[in-house]
Amino acid sequence: MSQLLPAARSDVPVVVGVPTAAPDPAAAPAVVAETGTRTAVVGLGYVGLPTSLALVASGSRVIGVDIAATRLDDIRAGRADLLDADQERLRETLRAADPALRLTTAISEIADADTVLICVPTPVDRHLAPDLTALRAACAAVVAHARPGQTIVLTSTSYVGTTRELLVAPLAARGLRVGQEVWVAFAPERVDPGNDRHRQELTPRVVGGTTPDCTARAAAALARITPLVHRLGSPEAAEMTKLLENTFRAVNIALANEFADLCRDLHLDVTEVIDGADTKPYGFMAFQPGPGVGGHCIPCDPHYLLWQVRGQRREAPLIETAMRGIAARPRRVVDRIRELLAGAGRPLLGARVLVAGVTYKPGVADVRESPALEIIGELVRAGAEVGFVDDLVDTVRTPDGGILHRVADPADREWDLVVVHTRQSGLDEAWLGGQPMVLDATYRLAGLPRREVV
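In what follows, the accompanying structure is described. As the structure is a prediction and not an experimental result, all values here were calculated from the model.

Analysis parameters
Each chain carries its own residue numbering, running from 1 in the direction its sequence is written. Totals for whole chains, interfaces and linings use all residues, but because this is a predicted model, local features are given only for residues with pLDDT of at least 70 and pairs of side-chain atoms are given and counted only at 80 or more. Note that the side-chain values use all heavy atoms of the structure and ignore hydrogens as well as water. Lining residues are defined by having an atom within 4 Å of a point belonging to a cavity or pocket. Those points lie on a 1 Å grid over the protein atoms alone, cavities being sets where a 1.4 Å probe fits but cannot get out and pockets being open sets with protein on both sides within 12 Å along at least five of seven lines. Grid points are joined across faces, edges and corners, and a volume is the space filled by probe spheres set on the points. Secondary structure elements follow DSSP: runs of H or I of four or more residues count as helices, runs of E of two or more count as strands, with numbering from the N terminus. Under the scheme applied, nonpolar residues are Ala, Val, Leu, Ile, Met, Phe, Trp, Tyr, Cys and Pro; charged residues are Asp, Glu, Lys and Arg; polar residues are all the others, including Gly. Here, nonpolar core refers to any group of buried Ala, Val, Leu, Ile, Met, Phe, Trp, Tyr and Cys residues whose side-chain atoms link them within 4.5 Å. Burial classes: relative accessible area under 20% of the type maximum marks a residue as buried, over 50% as exposed, and values in between as partly exposed (1.4 Å probe, protein chains only). Contacts are assigned to residue pairs that have any heavy atoms within 4.5 Å of one another. A pair of strands is treated as paired once DSSP finds two or more bridges between them. Convention adopted: a line fitted to C-alpha atoms gives each axis, helices being fitted over their contacting stretch, and angles between N-to-C directions are expressed from 0 to 180 degrees. Aromatic contacts are taken between Phe, Tyr and Trp rings whose centres are within 6.5 Å, Trp giving its six-membered ring; a plane angle under 30 degrees counts as stacked, one over 60 as edge-to-face, and the others as tilted. Charge-over-ring placement is defined geometrically: NZ (Lys) or CZ (Arg) within 6 Å of the ring centre, and within 35 degrees of the ring normal. Relative orientations are named as follows: roughly parallel for angles under 35 degrees, roughly antiparallel for angles over 145 degrees, roughly perpendicular for angles from 65 to 115 degrees, and oblique for any other angle. In a left-handed crossing the near helix is turned counterclockwise from the far helix by less than a right angle, and in a right-handed crossing that turn is clockwise. Between Lys or Arg on one side and Asp or Glu on the other, a salt bridge is scored when a side-chain nitrogen of the former is within 4 Å of a carboxyl oxygen of the latter.

### Quick notes on the layout of surface pockets
A water-sized probe, rolled over the atoms, reveals where empty space remains.
At step 1: Of the pockets and cavities examined, the largest pocket occupies roughly 1500 Å³.
At step 2: Along the walls of the largest pocket sit 42 residues, with D192, R249, I253, I298 and K361 positioned nearest its centre.
At step 3: The element that contributes the greatest number of residues to the lining of the largest pocket is helix α7 (residues 235–265), accounting for 7 residues.
At step 4: Looking at the lining of the largest pocket, its residues break down into 16 nonpolar, 16 polar and 10 charged.

Following this line, the structure appears as structure tokens:
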């Protein structure tokens, strides 16, 4: 079987004949041995912690590993950002006389587990290249402490070939035969922070193993926390599946933003247009425009694919254009703020601007890659007096390294313009209606007087 070969250079993987065909279900071997109910989850962030709690609810005993002791302290104290249902699960788990979730900073404890899930972040650096610092360290530690009989599943998004590069090859170098003594697969995470409609127990997963038996064992482990496991023919197919999922979203969000600009130029309500198109029962999926894209997936994941494509001297012009459009969106918001203030006879220099909502999405206390940070930074650099209000965030860092504190009561000050970046549940829309100018970057506040859109 052809497969991903190790790259001559570690920074540019070379794909040679990656298998793409799904396995024949009739030919897939049954799991030879019970995969066990002891699972280690490496990385207890937005993916790892909910995954751990879902496993506990399924009857598994879980070893939760995170190198940050402060993160474990936050989890024990109930300060982790979780869905309400998961918060209750966590409280019940930690109150138990014999907790099924054991928290530790010692990676060596994964030796007690039958299954190891690696759930660490994979951001991009300032050059938009993959930053695998955390993932390389986690995989190296797992390889160092792996033992025969374990199933190891990578869930972190990365470029095609990562599973073989960081797990399969190092395990073989240790003398562990993959597919015979240890079993390795890739099964991309599917976690939608803050959305209880897409809990793991309701969301299908895909998995691709290094061998058919690897796939079967990983699927059996994941079947405890998902209603459906779709098997693919290789780790590479599963890695590419995840990149397709989030690149699809990025391209369509960029398109929605472009339509928003076109609709404003034509004096049309883009939300009305999208809602109209969404009545079509086939061939259309609604995406909404906004101030930009934040979080851990869409601003980052397509760049893993683009980085690999460039390394092979190929092009992906549609994806590249979409990502440029997404990157430019926060600056478009600032330009629109400047236009509106100018129309009211005010320069941006010295203008009082309030940003309402700074998290990357409603209901999640997470500002990673949030467009609000770039918007605030651009406004500060232009000399505006900037404040922000968000029930989920106390402070944000400005480009000069300063700290901007949340405005306790925005009604105590007069604002020249309020830009609604994230529509949090605590947003006082009645108060917004009394402001001289509101820039609705969410496109969802159609009833406000003196409302403008990006």
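### Points about the nonpolar core
At step 1: I118 and L171 are the most contacted members of the largest nonpolar core, which totals 59 residues.
At step 2: Top element by residues in this core is α7. It accounts for 7 residues.
At step 3: Counting residues in hydrophobic clusters, the runner-up holds 32 residues, among them V334, L341, V353 and V453.

### Observations regarding helix α1 (residues 48–57)
At step 1: Of all 10 residues in α1, 9 are buried, a share of seventy percent or more.
At step 2: All of the buried residues along α1 are G48, L49, P50, T51, S52, L53, A54, L55 and V56.
At step 3: Buried residues belonging to α1 abut β1 (38–42), β2 (61–65), α2 (69–76), α3 (84–95), β3 (101–104) and β4 (115–118).
At step 4: Just downstream of α1 lies G59, where phi reads positive at about 105°.

### What about the sheet that holds β4?
At step 1: One open sheet holds the 8 strands; their spatial order is β3-β2-β1-β4-β5-β6-β7-β8, and the pairing between them is mixed. Lying at the two open borders of the sheet, with one neighbouring strand each, are β3 and β8 (229–232). Within this sheet the neighbouring strands show an average axis-to-axis angle of 25°, counted without direction.
At step 2: Pairing analysis gives 4 bridges linking β4 to strand β5 (residues 151–154), with the strands arranged parallel. Looking at the pairing, L117 lines up with V153 of β5.

### Structural notes on unusual backbone geometry
With the exception of glycine, the majority of residues adopt a negative phi angle, and the majority of peptide bonds are in the trans configuration.
At step 1: Even without being glycine, H267 reaches a positive phi, approximately 60°.
At step 2: With respect to the helices and strands, H267 occurs in the loop between α7 and α8 (270–277).
At step 3: H267 sits in the exposed class, given a relative accessible area of 74%.
At step 4: A positive phi angle is found at Y443, which is not glycine, with a value near 65°.
At step 5: Following the sequence through the fold, Y443 ends up in the loop between β14 (438–440) and β15 (451–453).

### A short note on the packing of aromatic side chains
At step 1: Under the definition given, this model contains 2 aromatic pairs.
At step 2: A ring pair is formed by Y159 and W307, whose centres lie 5.0 Å apart and whose planes are at 40°; its orientation type is tilted. In this pair, Y159 sits in the loop between β5 and α5 (162–173) while W307 sits in helix α9 (residues 301–311), placing the two residues 148 residues apart along the sequence.
At step 3: Seen in terms of ring centroids, F248 and F287 are 5.7 Å apart; in terms of plane orientation they differ by 65°. Their pairing is edge-to-face. In this pair, F248 sits in helix α7 while F287 sits in the loop between α8 and α9, placing the two residues 39 residues apart along the sequence.
At step 4: We classify F248 as partly exposed; its relative accessible area is 39%.
At step 5: Exposure remark for F287: the relative accessible area of 15% places this residue in the buried category.
At step 6: Here the basic side chain of R217 rests over the ring of W183, its NZ or CZ set 3.7 Å away from the ring centre.

### Comments concerning the packing of α7 against α9
At step 1: Where α7 contacts α9, the two axes come as close as 8 Å, and the packing angle between them is 115°. Overall, the two elements α7 and α9 adopt an arrangement that is roughly perpendicular. Relative to α9, the crossing made by α7 is left-handed. Contacts between α7 and α9 pair M240, K242, L243, N246, T247 and A250 from the former with D301, P302, Y304 and L305 from the latter.
At step 2: Partitioned by chemical class, the residues of the contact of α7 with α9 number 6 nonpolar, 2 polar and 2 charged.

### Overview of the packing of α1 against α3
At step 1: One can describe the packing of α1 onto α3 by two numbers: an axis separation of 10 Å at closest approach and a directional angle of 65°. Handedness of the crossing formed by α1 with α3: left-handed. Of α3, the residues touching α1 (which contributes P50, L53, A54, V56 and A57) are D86, R89, L90 and T93.
At step 2: Looking at the contact of α1 with α3 residue by residue, the classes come out as 6 nonpolar, 1 polar and 2 charged.

### Digging into the pattern of salt bridges
At step 1: Counted according to the given criterion, the structure contains 32 salt bridges.
At step 2: Taking the shortest distance from any N to any O, the salt bridge between D86 and R89 comes out at 3.4 Å. Here the residue D86 and the residue R89 both occupy positions in helix α3, the gap between them amounting to 3 residues, near one helical turn.
At step 3: A salt bridge links D261 to R329, with the shortest nitrogen-to-oxygen separation between them at 3.1 Å. Taken together, the positions of D261 in helix α7 and R329 in helix α10 (residues 317–343) put the pair 68 residues apart, joining distant regions of the chain.

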